[in-house]
Amino acid sequence: MLEFKESIPFDYCGYFAVVVPFLEKYSWIFRYNNTKFIRFGVLEQLPREWIDDLDTLSNEEFNQIPLGLYKDSWSSSFREFLSTVRSLQVGYEEYAVPEKETRICSKVKKHYEVASLGSYIVSLQNVSKEPPKVYVDFGCGVGLLAGFVHNLLDVKVLGIDGNPALIERCNESTRGKNDLQFVHHFITINSFEFIKRELMDRFGESDTFVQATVMGLHACADLSVTAIKCFLQSSWCRSITIMPCCYHLMKTIQEETPANDGIEFQNFPLSAELRRMVDDENRAMICKSFLRLACQQTSSRWKNLTTEQHLQHGRTMFRRSLIDAILEVDELVHVGKRKQLPEETTVDNMLQQFTLRKASDQQELPWTEQHRGKLSALLGRYGTVGPRLAEYVECLQMCLQKICENVVLLDRMCYLEKESKRYELNISRKLVRLQNDGLTPRCFIFHASKDE
């Protein structure tokens, strides 16, 4: 396994040179949204010998495949796939939240996220020669992280969010606290001077000596990239400590369509090194589904699923993909929730669960004989094995999840390191994985600081 360590250079080009053609070769696993795997023939690309190998497993063994289970009795192509998956894993420093951390909110996941990032920021403060006295919270939401850091470290914190209702709520709850303030502003790469002025006006920081640390729990989509550029371009930004997420919400240069394999994102690939690897022959991996998989919960969630949970999930995926495959261009469906899906999928119980609507105006439409005919044909083809194959595809996606996230994070870290040299900055950098990564998709902390 490769290791990403704080003081040791990482071979980004070497990693990208192996991972890009591998992901391109197996892009059929993640290329399309899971509601569309029948429409685009994903089940047809699932190798017969892989299906035979997976059919032999107990539930416990099936759960262990994304965690590294490997059998010499499996087909050579499946063993080759899993061996490469294993070789492309990257080990990171792990961080565990202090057990006695004060309860921040009633929601377990939210508490864990805030406590993880907040306590990590405290740990950085404790070892710093010149601890930061001012923090800027990018995408502050309801102010949980800002309040946590302010209270523990007794520092000034400015929270910034593009949602005016959330900022109003924050200001109501912190009225009278001069060292904890919030401002409504949508952060872009043009915001850095605005933030500096806000720090000067609100906290009395001088123009010459204003210094701050950027933090961000909700560093969704392009916001974490904006934080990196703020760190590089702004003398007042001494360090960043952020938890990137929601990569699939990054802005595209043009609209993504099923026929458009050349989709481009404004901030992915970010580094010149990865861009060189993703040439015209390796474009299929660059898609929203790849980025969505990169920010999903990890295989830590998968390992505890029961046989019944796998069956239920497979049925859900299969039914949703079946119904999508019979829709025309201007049609969509409203999904009726069912606590327990029937063991046998039929045309009638399918059409009872889904309501057909016209995409342009949401007008309800009747199911036609043409819809019924298509659905009947697909059920005849996949009806008995479809749910099981759907869960096999999900298993393969879980195998690739960490690799996809590695690519996104290492692309950003590579960009940061190369650009730091261009800006003549000496920096320290870290990528830290949360120990309990099964609780939240926000399982990495991205940190960089300017050395004195």
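Each residue is numbered by its place in its chain's sequence as written, counting from 1. Only residues with pLDDT of 70 or above have their local features reported here, since the model is predicted, and side-chain atom pairs are shown and tallied only from 80 upward, although totals for entire chains, interfaces and linings are computed over all residues. Side-chain numbers here rest on the full set of heavy atoms in the structure, without hydrogens or water.

In the nomenclature of an unreviewed UniProt entry, the protein chain is known as Methyltranfer_dom domain-containing protein of Anopheles epiroticus.

Draft legend 1. Examining the overall build of the protein chain more closely. Counting from the N terminus, the helices are DSSP H or I runs at least four residues long and the strands are E runs at least two residues long. When helices and strands are counted, the protein chain shows 17 helices and 12 strands. We compute the radius of gyration from the C-alpha atoms alone; for a globule the expected value is 2.2 Å times N to the 0.38, where N is the number of residues. The globule rule puts the C-alpha radius of gyration for 452 residues at 22 Å, and the 24 Å found for the protein chain is close to it. For the C-alpha atoms alone, the extent of the protein chain along its principal axes is close to 75 × 50 × 45 Å. Looking at the protein chain residue by residue over its 452 residues, the buried ones come to 54%. Buried means the residue's accessible area, taken with a 1.4 Å probe over protein chains only, is under 20% of the maximum for its type, while exposed means over 50%, and partly exposed covers the values in between.

Draft legend 2. Representation of the packing of aromatic side chains within the structure. Working definition: rings of Phe, Tyr and Trp (its six-membered ring) pair if their centres are within 6.5 Å, and the pair is stacked with planes under 30 degrees apart, edge-to-face with planes over 60 apart, and tilted otherwise. Applying the stated criterion to the full structure yields 20 aromatic pairs. Measuring from centroid to centroid gives 5.9 Å for Phe268 and Phe290, while their planes differ by 20°, and the two rings are stacked. On the criterion of sequence distance, the pair formed by Phe268 in the loop between β8 (237–245) and α11 (272–277) and Phe290 in helix α12 (residues 288–294) is long-range, its members being 22 residues apart. The pair Phe268 / Phe290 is uniform in exposure class, with both members buried. The structure contains a cluster of three or more aromatic residues connected by ring pairs, namely Phe4, Phe10, Tyr12, Tyr15, Phe16, Tyr92 and Phe444. Directly above the aromatic system of Tyr70 lies the positively charged group of Arg86, at a separation of 4.9 Å from the ring centroid. Think of it as a cone above the ring: NZ of Lys or CZ of Arg counts as a charge over the ring if it is within 6 Å of the ring centre and within 35 degrees of the ring normal. In this arrangement the basic side chain of Lys450 is found over the ring face of Phe231, its NZ or CZ atom lying 5.1 Å from the centre.

Draft legend 3. Looking closely at the layout of surface pockets. The distinction between a cavity and a pocket rests on a 1 Å grid over the protein atoms alone: a 1.4 Å probe fits inside a cavity but cannot get out, while a pocket stays open yet meets protein on both sides within 12 Å along at least five of seven lines, and a residue with an atom within 4 Å of a point counts as lining. Grid points are joined across faces, edges and corners, and a volume is the space filled by probe spheres set on the points. The computed volume of the largest pocket comes to approximately 780 Å³. Taken together, 28 residues line the largest pocket, and the ones lying closest to its centre are Ser128, Glu130, Pro132, Ser449 and Lys450. Elements that contribute at least two residues to the lining of the largest pocket include exactly α6 (108–127), β4 (134–138), β7 (212–220), β8, β11 (427–434) and β12 (444–450). For the lining of the largest pocket, the leading source of residues is α6, giving 4 residues. By the convention adopted, Pro, Cys, Tyr, Trp, Phe, Met, Ile, Leu, Val and Ala count as nonpolar, Lys, Arg, Asp and Glu as charged, and the other residues, Gly among them, as polar. Tallied by class, residues from the lining of the largest pocket come to 8 nonpolar, 9 polar and 11 charged.

Draft legend 4. Highlighting helix α16 (residues 369–382). A helix is expected to reach a length of 1.5 Å times the quantity of its residues less one. For α16, which comprises 14 residues, the first-to-last C-alpha distance of 20 Å matches the rise-based estimate of 20 Å (1.5 Å per residue) to within 8%. Looking at α16, one finds that the buried residues are His371, Leu375, Leu378, Leu379 and Tyr382. Within α16, the buried residues cover an arc of 100° as seen down the axis, which keeps them to one side. Within α16, the exposed residues directed more than 90 degrees away from the buried face are Glu369, Gln370, Ala377, Gly380 and Arg381. We call two residues in contact when some of their heavy atoms are within 4.5 Å. Along its buried surface, α16 packs onto α2 (42–45), α14 (307–325), β9 (331–335), α15 (347–353), β10 (354–358) and α17 (386–422). Arc, as used here, means the arc of the directions from the helix axis to the C-beta atoms.

Draft legend 5. Layout of the nonpolar core. As used in this record, nonpolar core signifies buried Ala, Val, Leu, Ile, Met, Phe, Trp, Tyr and Cys residues forming a set joined through side-chain atoms within 4.5 Å. Core analysis: the largest hydrophobic core is formed by 119 residues, its most contacted members being Leu23, Phe81, Trp236, Phe290 and Leu400. When residues in this core are grouped by element, the largest group, 19 residues, is from α17. Split by domain, the residues of this core number at least three in each of domain 1 (2–88 + 253–401) and domain 2 (105–246). Not counting the four nearest positions on each side in its chain, Trp236 is found in contact with Val136, Phe192, Ile195, Lys196, Leu199, Val210, Gln211, Ala212, Val214 and Cys230. Each domain's extent is set by a domain assignment, obtained either automatically or from a database.

Draft legend 6. Quick look at the pairing of β4. For β4, the tally of buried residues reaches 5 of 5 residues, placing the bulk of the element in the interior. Summarising the sheet, β4 and strand β5 (residues 156–161) pair through 5 bridges and their orientation is parallel. Each residue of the ladder has a partner; that of Tyr135, found in β5, is Val157. Here a crossover is taken to be right-handed if, once the strands point away from the viewer, the path from the first strand over the helix to the second is traced clockwise. As a crossover connection, the stretch from β4 through helix α7 (residues 144–153) into β5 is right-handed. Two elements, β4 and β7, share 3 bridges in a ladder whose sense is parallel. In the sheet register, Tyr135 faces β7, and the bridge partner there is Thr213. Strand pairing is defined by DSSP finding a minimum of two bridges between the two strands.

Draft legend 7. Focus on the sheet that holds β11. Reading across the sheet, the 8 strands line up as β3-β11-β12-β8-β7-β4-β5-β6 and stay open at both edges, with mixed pairing between neighbours. Bordering the open sheet on either side are β3 (93–95) and β6 (180–184), each of which pairs with just one other strand. Going across the sheet, the axis of each strand differs from the next one's by a mean of 20°, ignoring polarity. Judged from the 5 bridges that link them, β5 and β6 form a sheet pairing that is parallel. Paired with Gly159 across the strands is Phe182, a residue of β6. Axis definition: a line fitted to C-alpha atoms, limited for helices to the stretch in contact. Angles are taken between N-to-C directions and run from 0 to 180 degrees.

Draft legend 8. Region of the structure containing the pattern of salt bridges. For this analysis, a salt bridge means a side-chain nitrogen from Lys or Arg found within 4 Å of a carboxyl oxygen belonging to Asp or Glu. Counted under the stated rule, the structure contains 16 salt bridges. Here Lys36 ties to Asp324 by a salt bridge, and the two come within 3.1 Å at their closest N and O atoms. Linking Lys36 in the loop between α1 (12–25) and α2 with Asp324 in helix α14, this pair joins segments that are 288 residues apart in sequence. Note that Glu308 is salt-bridged to Arg315, the shortest N-O span being 3.8 Å. Judged by relative accessible area, Arg315 falls into the buried class, the value being 9%. Connected through shared salt-bridge partners, Arg48, Asp52, Asp55 and Arg388 make up one network.

Draft legend 9. Local environment of the pairing of β5. Of all 6 residues in β5, 5 are buried, a share of seventy percent or more. Handedness of the crossover is the feature at issue here: the chain leaves β5, passes through helix α8 (residues 164–173), returns alongside β6, and the resulting connection is right-handed.

Draft legend 10. Unusual backbone geometry, seen in detail. Following Phe268, the chain continues into Pro269 via a peptide bond in cis, with omega recorded as -10°. Note on placement: Pro269 falls in the loop between β8 and α11. Positive phi outside glycine occurs at Asp154, with the angle close to 55°. Assignment of secondary structure puts Asp154 in the loop between α7 and β5. Since its relative accessible area comes to 64%, Asp154 is described here as exposed. One non-glycine residue, Ala221, lies in positive phi territory at about 50°. Inspection of the secondary structure assignment puts Ala221 in the loop between β7 and α10 (223–233).

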